[in-house]
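# Overview (structure and organization)
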Amino acid sequence: MAQFSEVLAEIGDFGRFQIQLMILLSIPNFLTAFYFFAQVFMVLDETHYCSVAWVKNQTLNLSAAEQLALSVPLDAAGHPEPCLMFRPPPDGASLEDVLGHRTNETQPCEMGWDYPEDRPLSLLKEFNLVCGRAHLKETSQSVYMAGLLVGALVFGPLCDWIGRKATILVQLLLLAVIGVATAFMPSLELYMVLRFAGATAVAGYTISNVTLLTEWVGPSRRTQALVLAQCAFSVGQMVLAGLAYGVRNWRLFQIAGTAPVLLLFFYFWILPESARWLLTRGRVKEAQQVIQKAAAVNKRKLSPELLSQLAPEKTGSSGNALDLFRHPQLRKVTLILFCVWFVDSLGYFGLSLQVGDFGLDIYLTQLIFGAVEVPARYSSTFMMQWFGRRWSQLGTLVLGGLMCLSIIFVPADLPAVVTVLAVVGKFATAAGFTISYVYSAELFPTVIRQTGMGLVGIFSRIGGIITPLVILLDKYHAALPMLIYGSLPIGAGLLCALLPETRGQALKDTVADLDQSPPPRSLKAAPSEKGTEASGMTSGPGVSSVSSTEF
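The following paragraphs examine the structure supplied in this document. Keep in mind that this is a model prediction, so the values were computed, not measured. (Residues numbered from 1 in each chain as written. Predicted model: local features only at pLDDT ≥ 70, side-chain atom pairs only at ≥ 80, totals over all residues. Heavy atoms only, no water.)

### A word on the overall build of the chain
Rule in force here: In this description a helix means any DSSP run of H or I spanning at least four residues, a strand means any run of E spanning at least two, and both kinds are numbered starting from the N terminus. Buried residues are those whose accessible area, probed at 1.4 Å on protein chains only, stays under 20% of the maximum for their type, while exposed residues exceed 50% and partly exposed ones sit between those limits. Accessible surface is estimated by sampling points in the Shrake-Rupley manner with a 1.4 Å probe; for residues, cover comes only from the protein chains shown.
Check the secondary structure of the chain and you find 23 helices and 4 strands. Taking all 551 residues of the chain together, the buried fraction comes to 54%. Approximately 22,900 Å² of the chain is accessible, and the part contributed by carbon and sulfur atoms is 64%.

### With respect to the state of the cysteines
Note the cut-off: Any two cysteine sulfur atoms within 2.5 Å of one another count as a disulfide.
In the structure shown here, the tally under the stated rule is 2 disulfides. There is a disulfide in this structure between C50 and C109, and the S-S distance comes to 1.7 Å. Judged by the torsion about the S-S bond (-65 degrees), the C50/C109 disulfide is left-handed. Remark: C109 occurs in the loop between β3 (106-108) and β4 (113-114) and C50 occurs in strand β1 (residues 49-50); sequence separation between them is 59 residues. For C50, a relative accessible area of 4% gives the class buried. With its sulfur 1.9 Å from that of its partner, C83 forms a disulfide with C131. Linking C83 and C131, the disulfide has an S-S dihedral of approximately -90 degrees and is accordingly described as left-handed.

### A short note on the packing of aromatic side chains
Formally: Pairing of aromatic rings covers Phe, Tyr and Trp, the last through its six-membered ring, and needs centres within 6.5 Å; plane angles under 30 degrees mean stacked, over 60 mean edge-to-face, and all others mean tilted. Charge over a ring is defined by NZ of Lys or CZ of Arg lying within 6 Å of the ring centre and within 35 degrees of the ring normal.
In this structure the tally under the stated criterion is 26 aromatic pairs. Between F37 and F233, the aromatic rings sit 6.2 Å apart at their centres with planes inclined by 55 degrees, giving tilted as the arrangement. With F37 in helix α2 (residues 16-42) and F233 in helix α9 (residues 222-246), this residue pair connects regions lying 196 residues apart in the sequence. A relative accessible area of 2% places F37 in the buried class. Three or more aromatic residues joined by ring pairs make a cluster, and in this case those are F36, F37, Y144, F233, W341, Y348, F349 and F433. Over the ring of F268 we find K165, and its NZ or CZ is 6.0 Å from the ring centre. Residue placement shows R248 over the ring face of Y245; its charged tip is 4.9 Å from the ring centre.

### Remarks on unusual backbone geometry
You will see that C131, though not glycine, has its phi angle at about 55 degrees, which is positive. For C131, the location among the structural elements is in the loop between α5 (123-126) and α6 (135-162). Judged by relative accessible area, C131 falls into the partly exposed class, the value being 23%. Here the phi dihedral of K299 falls at roughly 55 degrees; this positive angle occurs in a residue that is not glycine. Within the fold, K299 resides in the loop between α13 (284-298) and α14 (304-308). Overall, the relative accessible area of 66% leaves K299 in the exposed class.

### Some remarks on the packing of helix α18 (residues 389-408) against helix α21 (residues 480-495)
Stated precisely, the cut-off is as follows: Here, axes are lines fitted to C-alpha atoms. For helices the fit covers the stretch in contact, and angles between N-to-C directions go from 0 to 180 degrees. Just so you know how the angles are binned, under 35 degrees is roughly parallel, over 145 roughly antiparallel, 65 to 115 roughly perpendicular, and the rest oblique. Throughout, a crossing is termed right-handed when the near helix is turned clockwise from the far one, and left-handed when it is turned anticlockwise from it by less than a right angle. We call two residues contacting when some pair of their heavy atoms lies within 4.5 Å. In this classification, Asp, Glu, Lys and Arg are treated as charged, Ala, Val, Leu, Ile, Met, Phe, Trp, Tyr, Cys and Pro as nonpolar, and every other residue, Gly included, as polar.
The contact between α18 and α21 brings their axes to 7 Å, and the two run at 155 degrees. Between α18 and α21, the crossing angle belongs to the class labelled roughly antiparallel. For the element pair α18 and α21, the recorded crossing hand is left-handed. Between α18 and α21, the contacting residues are L394, L397, V398, G401, L402, C404, L405, I407 and I408 on the first element and M482, L483, Y485, G486, S487, P489, I490, A492, G493 and L494 on the second. For the contact of α18 with α21, a count of residues per class yields 15 nonpolar, 4 polar and no charged.

### Some details on the environment of T451
Mapped onto the elements of the fold, T451 is located in helix α20 (residues 446-471). Residues T451 and L324, 127 residues apart in the sequence, show an inter-C-alpha distance of 8.8 Å.

### Things to note about the nonpolar core
Rules: For this analysis, a nonpolar core means a set of buried residues of the types Ala, Val, Leu, Ile, Met, Phe, Trp, Tyr and Cys, connected via side-chain atoms within 4.5 Å.
Core analysis: the largest hydrophobic core is formed by 141 residues, its most contacted members being I11, L213, W216 and I291. Counting residues per element, this core draws most heavily on α2, at 15 residues. With near-sequence residues (within four places) excluded, I11 lies in contact with W216, I291, A294, A295, N298, R300 and L302.

### Details of helix α16 (residues 328-353)
The α-helix winds at 3.6 residues per turn, so residues separated by three or four positions along the chain end up facing the same way. Applicable threshold: Here the expected span of a helix is defined as 1.5 Å times the quantity of residues minus one.
Between its first and last C-alpha, α16 extends 38 Å over 26 residues, near the 38 Å set by a 1.5 Å rise per residue. Along α16, 20 of the 26 residues are buried, which leaves the element largely enclosed by surrounding structure.

### Topic: a nonpolar patch on the surface
Inclusion rule: Excluding any residue in a salt bridge, patches collect residues exceeding 30% relative accessible area, merging like charges within 9 Å and nonpolar Val, Leu, Ile, Met, Phe, Trp and Tyr side chains within 5 Å. Throughout this description, the term salt bridge denotes a Lys or Arg side-chain nitrogen within 4 Å of a carboxyl oxygen of Asp or Glu.
Residues F265, F268, W269 and I270 make up a contiguous nonpolar surface patch of about 500 Å² in total accessible area. Position of F265 relative to the elements: it lies in the loop between α10 (250-258) and α11 (267-270).

None of this, on its own, says anything about what the molecule does.
If you want it as structure tokens, here you go:
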């Protein structure tokens, strides 16, 4: 009986077939950057004042400046208050009565707001996300993050049930339909409902595409293929900056960013199913057909004898979540990794969602943020080989936290300095995310790896849900969000010093192996490939759990 790994070596583990697959899966990765960060550009701050009906009475014949002076008080700096208005006079009062009996009594806006800059329609302007409703901007982002958590929980098992290809096609259909439909929502509540639904599809795709690519690419190039495919997400962030700059109307912007997913309908015919998944389901004939196609594309000859010996593969059994807390060493590792993955999301999204708060042009900053992620993600593989997993994880977390804390002490009139610190922080957090993915998979024993990675992924999503809510703390003190984004990663980073080093070490298969001194493995091995091979991840749940938090 032949195993799929033998057949993959025969047909080529990273030939033209795998390169084509990587490109196909990179395109939706590129497009999902819009779903994550587009709202940042839809709710940019805009000058606004209370809309006061009585001063617009034509019989009074007041100029715009006079209307503003009569209806809106001034703040301490002499600027019109954006959220307060003078108490209106009695109905039918003349201008003389208004001027003669004017009081300084104020009240919150009661008839909406006026936006004098006359910018194109934004989400903020249409749904009045200002003053007492300003918190809804961050609430919407938290709803989206909650959708990512639900999507990972739903599509992980679905990917293993109906297959990688079918799941990806469902997700692309949802991304297209929900994305375009969002542009036509008449209320903020419906907008947030569709944002939640779209997030489930985004999270599902991050599971399915990494799973499919992992199962077709051999160990020698798996890390490079995964990193390159995920770098498309970073490139998407760069293009997002240009699209947001060119299309300011939020409804047109939403359509322009999501409609391209409709062009991927041809994936129905050209996207291959995972032969490894087919074998786990006992569908050997279909697996043989897909393998023959891959061999033809790679221009490799496949031995008919080897193909005929291909046998169904069995998935290994996994442990129980409680096993993570029974062994003292594993309990310590698990609790520290919960903290690490939580602050991974907190720091990454904390900087990403505040891209417009660093003083420089938001479009330029977004472009730089996207550009810096590409070397950050790719360089993390070299950092892990040179410095080891533990010190790479510790260093990136502490560096990212220090950059956030440093921003607090930079004066507001030095936006270039603030942006440089934020960019370095973004580099560190993006690299740290990739390192967490590899390091955690190596720390958990094989029998519990799938469960462990699923649990740390949940903590990552919880961090993402909380991040937009932390931004709301700036109304109490401007430094509070960055203080949290900085101090928590530093604390979690220092905890990493308590974790064991896994570079050059053989992977643990059972919990009992944690008490043994394992023989070393080659330092030249790609960091995540050996972990994947040794873990027995021949079907979805294990890979799904890992990839659900990887961008």
